[in-house]
There are 2 protein chains.
Amino acid sequence: MPKDRAPTRIQKKNRAAILEAALNVFSAHGFRGATVDQIAAEAGLSKPNLLYYFPSKEAIHTELLSGLLDTWLAPLHDLDEDGDPMEEILAYIQRKLQMSQELPRESRLFANELVQGAPRIHEALSNDLKELVDDKVTTLTRWMDQGKIARVHPYHLMFSIWALTQHYADFEVQVRAILGEEDPFEGADPFVDTLYRKLLTP
Amino acid sequence: MPKDRAPTRIQKKNRAAILEAALNVFSAHGFRGATVDQIAAEAGLSKPNLLYYFPSKEAIHTELLSGLLDTWLAPLHDLDEDGDPMEEILAYIQRKLQMSQELPRESRLFANELVQGAPRIHEALSNDLKELVDDKVTTLTRWMDQGKIARVHPYHLMFSIWALTQHYADFEVQVRAILGEEDPFEGADPFVDTLYRKLLTP
DNA sequence: TCTTGATTTGACCATCTGGTCAAACTCACG
DNA sequence: CGTGAGTTTGACCAGATGGTCAAATCAAGA
């Protein structure tokens, strides 16, 4: 394993290649379905070489998840209490939809983990995520109190946004099977925009 | 393997026990994450004994999925062109939500399969499911043409219903992590009802 | 160039896993 | 009962898989 110094050029390149490969493999097959050999092959390394950079399969997975959590939660972080309520929420939804389109692997990585009970990120959910959501729910509630948006259950509002936007990435095969050749995201944006505009208009 | 006659008392009991156990294990760990030993143990059988009733792990999985597909699609089947549009749709949504609550294992079984690209039910999606959805979309479109419900993209409407209702089962850990002690389904029903009533009111 | 730490790998290992098989056991029925 | 079909299991196997290790190779600074 590399020493505890500044990472060399090679270390940087290989660790990045491994994480990139791991994202592909884990998001497509889940933790258990992914094999170290597969990740190594995709990263262009031999298995022992891969294990020279990460101590175990689990370590790669953990680093991937924790490294991506910030990215994943950034849009919600950006929800600004001082902005225009309706525009803030619709912008959040649009960013989430865009992430589903542009980062489907990341979405499926989390989806895989969650649907199997989140054995490896349960803590992050109950702490970081809950804290962030609770905070933003306060904002939403305040907006409702001020009559800026319609009063709905704020937590379920949040869940619905996640469900709707991530559905396109997580269940992409199903969406594609039904839409055929058509671009899955064609029309999604106006649809969710209308949906939440109608829901939240006081 | 049992002969091709009428199933004996023991065959009925054991096959049922195996499928029940398999539903638990597959829905919790996905196909690859599940082991035959685990299923056998949960069914109260030895592994060779389990494999006396089913030729392989894959066969159990296949039978589970195809056996549950009808159950899973029944609510959509029931959407009645001759009923009251708004009530029909809201009833469909409510039934889906109820299934998410009462049959979370089934929901996660399909979710697991879908998020990993549906390698084993791709055909059913492109045929049975697509056909059913296309048919119901025709109904929805007709209702929109008649001005009975607001005009929205009918396929995205369908996706949104699935996403929203199944979210509670598929990502139950996340919902629980955020809501804490509170019952995840508390308030979900009125929320989705309001959501779709507002969206679809012309 | 030489040296030393960084990097890479072939060979190997223990364990897990899906599946097989022959032998043993059980049950229903004549 | 006795018997043959139905049921169960211990022992076993081959391949996959996560991980180890010593030896070989490489890279960069003195």
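Residues numbered from 1 in each chain as written. Chains lettered and ligands numbered in written order. Predicted model: local features only at pLDDT ≥ 70, side-chain atom pairs only at ≥ 80, totals over all residues. Heavy atoms only, no water.

Topic: the overall build of chain A
No. 1: A tally of helices and strands in chain A yields ten helices and zero strands.
No. 2: When the helices and strands of chain A are placed in sequence order, the string is α-α-α-α-α-α-α-α-α-α.
No. 3: The principal-axis extent of the C-alpha atoms belonging to chain A is close to 60 × 45 × 30 Å.
No. 4: Relative to its full complement of 202 residues, chain A shows a buried share of 52%.
No. 5: Once local pairs closer than 6 in sequence are excluded, the contacts in chain A between residues at least 24 apart make up 69%.
No. 6: Summing over all exposed atoms, chain A offers an accessible surface of approximately 9200 Å²; the carbon and sulfur share of this is 50%.
No. 7: For chain A, the separation between the mean place of its 22 positive charges and that of its 31 negative charges on side chains is 7 Å. (Helix = DSSP H or I, 4+ residues; strand = E, 2+ residues; numbered from the N terminus. Buried < 20%, exposed > 50% of the residue type's maximum accessible area, 1.4 Å probe, protein only. Contact = heavy atoms within 4.5 Å. Areas by Shrake-Rupley, 256 points an atom, 1.4 Å probe, with all protein chains shown as cover. Lys, Arg positive; Asp, Glu negative; His and termini not counted. Charge placed at Lys NZ, Arg CZ, Asp CG, Glu CD.)

Quick look at the protein's contact with DNA strand D
No. 1: Taken together, 21 residues form the shell around DNA strand D, and within it Lys 57 of chain A together with Thr 8, Gln 11, Arg 32 and Tyr 53 of chain B come nearest.
No. 2: Of all DNA strand D atoms lying within 4 Å of any protein atom, the proportion belonging to sugar or phosphate reaches 60%.
No. 3: Contact between DNA strand D and Ala 34 of chain A: a phosphate oxygen at 3.3 Å from a main-chain N or O atom of the residue.
No. 4: A distance of 2.8 Å is found between a phosphate oxygen of DNA strand D and a backbone nitrogen or oxygen belonging to Val 36 of chain A. (Near = heavy atom within 4 Å. Polar contact = N/O pair within 3.5 Å; in protein donor to acceptor, adjacent residues only side chain to side chain.)

What about the protein's contact with DNA strand C?
No. 1: Taken together, 21 residues lie near DNA strand C, and Thr 8, Gln 11, Arg 32 and Tyr 53 of chain A together with Lys 47 of chain B sit nearest.
No. 2: Sugar and phosphate atoms represent 60% of those atoms of DNA strand C found within 4 Å of the protein.
No. 3: Contacts to DNA strand C include Tyr 52 of chain A, whose side-chain N or O atom sits 3.2 Å from a phosphate oxygen.
No. 4: A distance of 2.8 Å separates a base nitrogen of DNA strand C from a polar atom in the side chain of Lys 47 of chain B.
No. 5: Contributions of two or more residues to the surface near DNA strand C are made by helix 1 (9-33) and helix 3 (47-53) of chain A together with helix 3 (47-53) of chain B.

Concerning the relation of the copies chain B and chain A
No. 1: Superposing chain B onto chain A requires a rotation of 180 degrees together with a translation of 0.0 Å along the rotation axis, leaving an RMSD of 0.1 Å. Here the symmetry operator amounts to a two-fold rotation axis. Rotation axis and chain B: the residue whose C-alpha lies nearest the axis is Ala 163 of chain B, separated from it by 2.6 Å.
No. 2: The residues that chain B uses at the interface reappear at the interface of chain A in 100% of cases, marking a shared surface. (Least-squares fit on C-alpha atoms with pLDDT ≥ 70 in both.)

Digging into helix 6 (residues 104-115) of chain B
All names here are of chain B.
No. 1: The terminal C-alpha atoms of helix 6, which comprises twelve residues, lie 16 Å apart, in line with the 16 Å expected from a rise of 1.5 Å per residue.
No. 2: Every buried residue belonging to helix 6 is among Pro 104, Glu 106, Ser 107, Arg 108, Leu 109, Phe 110, Ala 111, Asn 112, Glu 113, Leu 114 and Val 115, and all of these are buried.
No. 3: Looking one or two residues beyond helix 6, the residue adopting positive phi is Gly 117, at roughly 90 degrees. (Expected span 1.5 Å × (residues − 1).)

Focus: the interface of chain B and chain A
No. 1: Contacts between chain B and chain A engage 53 residues on the former and 53 residues on the latter.
No. 2: For the chain B and chain A pair, buried surface summed over both sides reaches about 4600 Å², with 70% attributable to carbon and sulfur atoms.
No. 3: For the pair chain B and chain A, the interface holds zero salt bridges.
No. 4: Our enumeration of links across chain B and chain A arrives at 15 residue pairs in polar contact (both at pLDDT 80 or more).
No. 5: Looking at the side of chain B that touches chain A, the elements with two or more residues in it are helix 1 (9-33), helix 6, helix 7 (122-145), helix 8 (154-170), helix 9 (172-179) and helix 10 (188-200) of chain B.
No. 6: Here the side of chain B that touches chain A takes eleven residues from helix 8 of chain B, the largest share from any one element.
No. 7: Residues that form the side of chain B that touches chain A fall into these classes: 28 nonpolar, 18 polar and seven charged. (Buried area = accessible area lost by both parts, 1.4 Å probe. Salt bridge = Lys/Arg side-chain N within 4 Å of Asp/Glu carboxyl O. Nonpolar A, V, L, I, M, F, W, Y, C, P; charged D, E, K, R; others polar.)

Remarks on the packing of aromatic side chains
Any aromatic ring pair is given by two values, namely how distant the centres are and how the planes are angled relative to each other.
No. 1: Enumeration according to the criterion identifies twelve aromatic pairs over all chains in this entry.
No. 2: Ring geometry for Tyr 52 of chain A and Tyr 53 of chain A: centres 5.0 Å apart, planes at 80 degrees, overall edge-to-face.
No. 3: The exposure class of Tyr 52 of chain A is partly exposed, given its relative accessible area of 39%.
No. 4: Relative to Phe 31 of chain B, the ring of Phe 26 of chain B lies with its centre 5.7 Å away and its plane at 15 degrees, an arrangement referred to as stacked.
No. 5: Arg 120 of chain A extends its terminal NZ or CZ atom over the ring of Phe 31 of chain A, reaching a point 3.9 Å from the ring centre.
No. 6: Seen from the ring of Phe 31 of chain B, Lys 57 of chain B lies directly overhead, with NZ or CZ sitting 4.6 Å from the centre. (Phe/Tyr/Trp six-rings, centres within 6.5 Å; stacked < 30°, edge-to-face > 60°. Lys NZ or Arg CZ within 6 Å of the ring centre and 35° of its normal.)

Considerations on the packing of helix 8 (residues 154-170) of chain A against helix 9 of chain B
No. 1: As a packed pair, helix 8 of chain A and helix 9 of chain B sit with axes 11 Å apart at the nearest point and diverge in direction by 155 degrees. On the basis of the axis angle, helix 8 of chain A is roughly antiparallel to helix 9 of chain B. Here the hand of the crossing between helix 8 of chain A and helix 9 of chain B comes out right-handed. Here Tyr 155, Phe 159 and Trp 162 of chain A of helix 8 of chain A lie close against helix 9 of chain B, whose contacting residues are Gln 174, Val 175, Ile 178 and Leu 179 of chain B.
No. 2: Considering only residue class, the contact of helix 8 of chain A with helix 9 of chain B consists of six nonpolar, one polar and no charged. (Axes fitted to C-alpha atoms, helices over the stretch in contact; angles between N-to-C directions. Parallel < 35°, antiparallel > 145°, perpendicular 65-115°, else oblique. Left-handed = near helix turned anticlockwise from the far one by under 90°.)

Some thoughts on the domain arrangement of chain A
All names here are of chain A.
No. 1: When the domains of chain A are assigned, the result is domain 1 (1-55) and domain 2 (66-200).
No. 2: On a C-alpha basis, the centroid separation for the pair domain 1 and domain 2 is 30 Å.
No. 3: Contacts between the two partners involve seven residues from domain 1 and, on the opposite side, seven residues from domain 2.
No. 4: Of the roughly 650 Å² buried where domain 1 meets domain 2, counting both sides, 57% is carbon and sulfur surface.
No. 5: Counting every contact that joins domain 1 to domain 2 gives one salt bridge.
No. 6: Measuring nitrogen to oxygen at the nearest pair gives 2.9 Å for the salt bridge that ties Arg 105 to Glu 20.
No. 7: Inspection of the domain 1/domain 2 interface yields three residue pairs in polar contact (both at pLDDT 80 or more).
No. 8: A per-class count over the side of domain 1 that touches domain 2 returns three nonpolar, three polar and one charged. (Domains from an automatic or database assignment.)

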